[in-house]
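Coordinates in review
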Amino acid sequence: QVQLVESGGGLVQAGGSLRLSCAASGRTFSSYAMGWFRQAPGKEREFVAAISWGGGDTYYAGSVKGRFTISRDNVKNTVWLQMNSLKPEDTALYYCAAARGFTTTRFLYDYWGQGTQVTVSS
C-alpha cells in the first residue's frame, strides 16, 4: 500500500512557476510508476505527466510539454512536478498517483493523494 500527500500548490500570476511535491509512504514506492493529474471545476480529471519507477522514462500531456517537468527521488520517496510559464488554463486541483505500470491511463492508477490547488491569475 502507498499513501500519497501532495503539497506546494498556491496562487501565482500567469508566467510564474510552482513546484508541486508528492510525499509517499511505504517501502514499495520505488516499484511504482508515478503520475500527476489535474481536475478543473466542471471538467474530468486529466493526465498531466508520468514517470517510470526508475525515473528513466517520462511522458507529458501536449498542453504542458516543454513547460512542466516531472522527477522523482526513490530514496526520499518523493515525486515533483516543476511547473513553469503557468497559464490561467493550468488552474486546477492537482493530484499525484501511483501505478504498477508506466501509463497515462487514469483508471490504471491504484493510489491517489488528496490533491493540491493551483490557481493561476491572468
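Please refer to the structure placed before this passage.
In this report, the structure presented in the accompanying data block is examined. All of these numbers come straight from a predicted model, not from anything done at the bench.

Looking only at helices and strands, the protein chain features zero helices and eleven strands. When the elements of the protein chain are put in sequence order from the N terminus, they spell out β-β-β-β-β-β-β-β-β-β-β. Relative to the compact-globule value of 14 Å for 122 residues, the protein chain shows a C-alpha radius of gyration of 13 Å, a close match. Per-residue burial over the protein chain gives 43% buried out of 122 residues. Restricting the contact set of the protein chain to residue pairs at least 6 apart, pairs at least 24 apart contribute 58%. Carbon and sulfur atoms make up 49% of the accessible area of the protein chain, which totals about 6300 Å². Computing the positive centroid from 12 side-chain charges and the negative centroid from 8, the protein chain places the two 3 Å apart.

Moving on: the state of the cysteines. Under the counting rule described, the total for this entry stands at one disulfide. Two residues share a disulfide in this structure: Cys-22 and Cys-96, whose sulfurs sit 1.9 Å from each other. Here Cys-22 and Cys-96 share a disulfide; its torsion about the S-S bond, 45°, makes the bridge right-handed. Taken together, the positions of Cys-22 in strand β3 (residues 18–25) and Cys-96 in strand β9 (residues 92–99) put the pair 74 residues apart, joining distant regions of the chain. According to the relative accessible area criterion, Cys-22 is buried, its value standing at 0%.

It is worth spelling out the pattern of salt bridges at this point. Under the definition given, this model contains three salt bridges. A salt bridge links Arg-38 to Glu-46; its shortest N-O distance comes to 2.6 Å. Glu-46 gets classed as partly exposed once you look at its relative accessible area, which sits at 36%. For Arg-38, the salt bridge identified is with Asp-90, shortest N-O distance 2.9 Å. In this pair, Arg-38 sits in strand β4 (residues 33–39) while Asp-90 sits in the loop between β8 (78–83) and β9, placing the two residues 52 residues apart along the sequence. In terms of burial, Arg-38 and Asp-90 fall into one category: buried.

As for its placement among the helices and strands, Ala-98 is situated in strand β9. The spatial distance from the C-alpha of Ala-98 to the C-alpha of Asp-110 is 5.9 Å, given a sequence separation of twelve residues. Discounting chain neighbours no more than four positions away, the residues touching Ala-98 are Leu-4, Tyr-32, Ala-33, Met-34, Tyr-109, Asp-110 and Tyr-111.

One open sheet holds the four strands; their spatial order is β1-β3-β8-β7, and the pairing between them is antiparallel. Every interior strand has two partners, whereas the edge strands, β1 (3–7) and β7 (68–73), have only one. Along the sheet, successive strands turn relative to each other by an average axial angle of 15°, direction set aside. Where β3 meets β8, six bridges bridge the pair, whose relative direction is antiparallel. Within β8, the position partnered with Ala-23 by the bridge is Thr-78.

Scoring rules and cut-offs
Residues numbered from 1 in each chain as written. Predicted model: local features only at pLDDT ≥ 70, side-chain atom pairs only at ≥ 80, totals over all residues. Heavy atoms only, no water. Helix = DSSP H or I, 4+ residues; strand = E, 2+ residues; numbered from the N terminus. Rg over C-alpha atoms; globule rule 2.2 N^0.38 Å. Buried < 20%, exposed > 50% of the residue type's maximum accessible area, 1.4 Å probe, protein only. Contact = heavy atoms within 4.5 Å. Areas by Shrake-Rupley, 256 points an atom, 1.4 Å probe, with all protein chains shown as cover. Lys, Arg positive; Asp, Glu negative; His and termini not counted. Charge placed at Lys NZ, Arg CZ, Asp CG, Glu CD. Disulfide = S-S within 2.5 Å. Salt bridge = Lys/Arg side-chain N within 4 Å of Asp/Glu carboxyl O. Pairing = 2+ DSSP bridges. Axes fitted to C-alpha atoms, helices over the stretch in contact; angles between N-to-C directions.

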